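# Per-entry structural report
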Amino acid sequence: MGDSLVGQDTRAREPSGQKHDVRHTTCVIAGSGPAGAMLGLLLARRGVDVLVLEKHADFLRDFRGDTIHPSTMEIMDELGLADPLLNLPHTKTSRLRFRTPRGSATLADFGHLKTRFPYLAFMPQWDFLDFVTDEARRYPNFELEMNAEVRELVEEGGLVRGVRYETPDGTREARALLTVAADGRDSRLREQAGLRVVGTAPPIDVLWFRISRRKGDPEEPTGYIGGGRFVVLINRGDYWQVGYVLPKGADRRIRAAGLESFRRSVGEAVPEVADRTDEIQDWGQVKLLSVQVNRLRRWFRPGLLCIGDAAHAMSPVGGVGINLAIQDAVAAANVLAEPLRAGRVELRHLRAVQRRRELPIRILQGLQSLAHRRIVAPAVGGGGLPSPPPPVRALLGLRIVRNLPARIIGFGIWPVHVRP
Ligand SMILES: Cc1cc2nc3c(=O)[nH]c(=O)nc-3n(C[C@H](O)[C@H](O)[C@H](O)COP(=O)(O)OP(=O)(O)OC[C@H]3O[C@@H](n4cnc5c(N)ncnc54)[C@H](O)[C@@H]3O)c2cc1C
C-alpha cells in the first residue's frame, strides 16, 4: 500500500459477537506510560474516540524515572494543567551537579532557561500518570482499560486493524482506524509488526536501589565520579534513588563479589551515605537496568504507529526518555487528530510523525553515545573524568556552550508545542 488510504473506521462493517468481545474505537493505544497516556489525553480533547490498554492494574511500578522537564511543563501549561500538576507533591532542582575528587561542577543549570519553569521537577511517575489519565477521563470519548495486556495485532490484508488482548475476564479484541504501540522499550507490537530496530551497544548498565535520606543531606541530584565509579543520587523526598553505573555485563561479577563488597563500594563512592549502606540487605533490592539505545528505522506500518520507547529506547544519560515520549505524543496528536476525526489516516500522516521526531532523537542518541564513550565509560573503567584539550576547555568556558546541556536536557533538540 503506497500513500493511499491506510484505514477507515470499520465500525459499521465489522461483524461482532464472535468468539470474543470485539470493541470498536477510532484509536487504540497499547500502553499507558507517558507516551500512551499523554496521546490518549490529547486525542480525547480533540474529540477522537480513544481506548488505552494498560497491562498493569495500576501505575505503581519500580523506579522508571520521575523527571518532569521544562518542555513537559510548558506542554502541561498549554493544556492549562501546569498549576494543578504542580499542586501534587514534588521536588525541584535548578541544577544537575557532579562531584569528583578534584571538586564539584555544574553539568546543567536550568535557571538560565527562558521559561516559566526553569527547573526539573521530580514527581513519582505513577502520580504523573494518574494525573494525566484522570484529566483524560473527563472526556467521554476517552477510555482506559487497566489489566488489559495486548497480545497480538489484528491484521487484514497487510493492514493493522487493532489488537487482541487479555483481561481477567478473558480475551478481547479492539478494532480501530489506528493502532498506536506505546508499549515501551520491549514493545511486543513493534516486534510483531516486523519493524526493524537499529541500535548501538552502550558500554554501560545501571544498578538501581534506594537509600534513606536524612536531615542535612544535600538536596540536589548529584553524580559522584571517582575511583572507577560513577554513582548518581536522585532526591526522592525521604530516600535517595541511587543509580550505580557499571561496565556492560559487570553485574554478575559485582553480585558474585558479594553484598558486603558492593556496600563498601557505594560508601566509598558517596561518603555521605556510607553510614547507611547496610540498608541494602539483599540483591532483590538492587535492580539491573540494561542500558539500550536503539530506534526503529520505520515507525509505522499501514494502520500502526510506534511512539515513545517503543520507537526509540534512550540511554538514561540526561534523563530525557519521559520528555521525548511526551513530545512524541504531542507531535502525533498534532498530526493525527484531524485525520482520525475525519476517519482517514494515510501513510503520509504516519510518515509525518516520524519525520518530525526522528532527527531530534537521532541527535540526542548521538550525544548520549558520545557521553558514554567519552565520560561515563572512562569514569567506570577507572580512568576518571578525561581532561579536555585546551581549545575544548576554552569553548566550554563560553556561556552559550555552558548553557547548552540545560537547553538540551530541558527542551530536547527543539521544542514541541500543543496545536491549539
Ligand atoms: C530505571 C529507569 C530509570 C529511568 N530514568 C529516567 C529519568 O530519570 N528521566 C527520564 O526522562 N526517563 C527515564 N527513564 C526512561 C523513561 O522511563 C522512559 O523513556 C519513558 O517511561 C518512556 O515512556 P513510554 O510511555 O514510551 O514507555 P513506558 O514508560 O515503558 O510505558 C509503556 C507502558 O506500556 C505498558 N505495556 C507494556 N507492554 C504492554 C502490553 N503488551 N499491553 C498493555 N500494556 C503494555 C507498560 O506497563 C507501561 O505502562 C528511565 C527508565 C528506567 C527503566
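That block above? That's the structure.
Residues numbered from 1 in each chain as written. Predicted model: local features only at pLDDT ≥ 70, side-chain atom pairs only at ≥ 80, totals over all residues. Heavy atoms only, no water.

Within the protein, the secondary structure is distributed over twelve helices and 23 strands. A compact globule built from 420 residues would reach a C-alpha radius of gyration of about 22 Å, and the protein, at 22 Å, matches this within 12%. Residue pairs in contact within the protein that sit at least 24 positions apart in sequence constitute 73% of those at least 6 positions apart. Here the protein has roughly 18400 Å² of accessible surface; of this, 51% comes from carbon and sulfur atoms. (Helix = DSSP H or I, 4+ residues; strand = E, 2+ residues; numbered from the N terminus. Rg over C-alpha atoms; globule rule 2.2 N^0.38 Å. Contact = heavy atoms within 4.5 Å. Areas by Shrake-Rupley, 256 points an atom, 1.4 Å probe, with all protein chains shown as cover.)

With that settled, the discussion passes to the sheet that holds strand 5 (residues 91–93). Overall, antiparallel pairing links the three strands, which are arranged 4-8-5 in an open sheet. Pairing within the sheet leaves two strands with one partner each, and these edge strands are strand 4 (67–68) and strand 5. Where strand 5 meets strand 8 (residues 120–122), three bridges bridge the pair, whose relative direction is antiparallel. Paired with Lys92 across the two strands is Ala121, which belongs to strand 8. (Pairing = 2+ DSSP bridges.)

Summed over the entire model, instances satisfying the criterion amount to 36 salt bridges. Measuring nitrogen to oxygen at the nearest pair gives 2.5 Å for the salt bridge that ties Glu145 to Arg23. Taken as a pair, Glu145 in strand 9 (residues 142–145) and Arg23 in strand 2 (residues 21–30) lie far apart in primary sequence, 122 residues in all. In this structure, the salt-bridge partner of Asp66 is Arg236, at a minimum N-O distance of 2.6 Å. Here the residue Asp66 occupies a position in the loop between strand 3 (50–53) and strand 4, and Arg236 occupies one in the loop between strand 16 (229–235) and strand 17 (239–247), the gap between them amounting to 170 residues. (Salt bridge = Lys/Arg side-chain N within 4 Å of Asp/Glu carboxyl O.)

All right, on to the site of the ligand then. Close to the ligand lie 30 residues; Glu54, Arg64, Thr67, Asp309 and Ile322 are nearest. In this structure, an oxygen atom belonging to the ligand sits 2.8 Å away from a main-chain N or O atom of Ile322. In isolation the ligand exposes 990 Å². Once the protein is present, 89% of that is buried. No other element matches the three residues that helix 8 (residues 321–342) contributes to the shell around the ligand. The residue inventory of the shell around the ligand, partitioned by class, reads twelve nonpolar, eleven polar and seven charged. (Near = heavy atom within 4 Å. Polar contact = N/O pair within 3.5 Å; in protein donor to acceptor, adjacent residues only side chain to side chain. Nonpolar A, V, L, I, M, F, W, Y, C, P; charged D, E, K, R; others polar.)

Applying the stated criterion across every chain yields a total of four aromatic pairs. Site record: aromatic cluster; members linked through ring pairs are Phe209, Tyr244, Phe262 and Trp283. The residue whose ring lies beneath Arg210 is Tyr239, and the NZ or CZ to ring-centre distance is 4.1 Å. (Phe/Tyr/Trp six-rings, centres within 6.5 Å; stacked < 30°, edge-to-face > 60°. Lys NZ or Arg CZ within 6 Å of the ring centre and 35° of its normal.)

Our next topic: the sheet that holds strand 18 (residues 287–289). Pairing is mixed across the open sheet formed by seven strands, whose spatial order is 7-6-15-16-17-14-18. Here the strands that pair on one side only, and so sit at the sheet edges, are strand 7 (103–109) and strand 18. The mean inter-strand angle of the sheet, taken between neighbouring strand axes irrespective of direction, is 25 degrees. Looking at chain direction, strand 14 (residues 204–212) and strand 18 are connected through three bridges and run antiparallel. Bridge assignment links Leu207 to a residue of strand 18, and that residue is Leu288. Sheet strands in contact with helix 9 (residues 347–380) are strand 14, strand 15 (222–226), strand 16 and strand 17, and its direction is about 105 degrees off that of strand 16. Lying over the sheet, helix 12 (residues 404–411) contacts strand 6 (95–100) and strand 7, oriented at roughly 50 degrees with respect to strand 7. (Axes fitted to C-alpha atoms, helices over the stretch in contact; angles between N-to-C directions.)

Let's shift gears to a nonpolar patch on the surface. Judged by side-chain polarity, Leu359, Ile363, Leu367, Leu370 and Trp414 come together as a nonpolar surface patch covering roughly 410 Å² of accessible area. Positionally, Trp414 belongs in the segment after helix 12. (Patch = residues over 30% accessible without salt bridge, like charges linked within 9 Å, V, L, I, M, F, W, Y side chains within 5 Å.)

On to the pairing of strand 7. Here strand 6 pairs with strand 7 via six bridges, running antiparallel. Its bridge partner lying in strand 7, Arg95 is registered against Asp109. Taken together, strand 6 and the strand that follows it, strand 7, pair antiparallel across an intervening segment of two residues.

The topology assignment puts Gln368 in helix 9. Judged by relative accessible area, Gln368 falls into the buried class, the value being 3%. Sequence-distant contacts of Gln368, defined by excluding residues within four places in its chain, comprise Met314, Ser315, Val317 and Val320. (Buried < 20%, exposed > 50% of the residue type's maximum accessible area, 1.4 Å probe, protein only.)

Below, the discussion takes up a positive patch on the surface. A cluster of basic residues, Lys114, Arg399, Arg402 and Arg407, forms a positive patch at the surface. With respect to the helices, strands and loops of the structure, Arg399 is situated in helix 11 (residues 399–402). (Lys, Arg positive; Asp, Glu negative; His and termini not counted. Charge placed at Lys NZ, Arg CZ, Asp CG, Glu CD.)

With that out of the way, let us pick up unusual backbone geometry. Of note in this structure, Asn147 is not a glycine but carries a positive phi near 55 degrees. With respect to the secondary-structure elements, Asn147 resides in the loop between strand 9 and strand 10 (149–156).

Attention now goes to the environment of Leu305. Tracing the sequence through the fold places Leu305 in strand 21 (residues 304–306). Linking Leu305 and Glu149, residues 156 residues apart in sequence, is a C-alpha distance of 18 Å. When near neighbours in sequence (up to four residues on either side) are disregarded, Leu305 contacts Leu178, Thr179, Val180, Ala181, Trp299, Phe300, Ala332, Leu336, Leu350 and Val353.

Bringing the environment of Glu272 into the picture now. As for its position among the elements, Glu272 is in the loop between helix 7 (259–269) and strand 18. For Glu272, a relative accessible area of 25% puts it in the partly exposed group. In the structure, Glu272 is positioned 59 residues away from Arg213 in sequence and 9.9 Å away in space, judged by C-alpha atoms. Of note is the side chain of Glu272, whose polar atom sits 2.6 Å from the side chain of Arg99.

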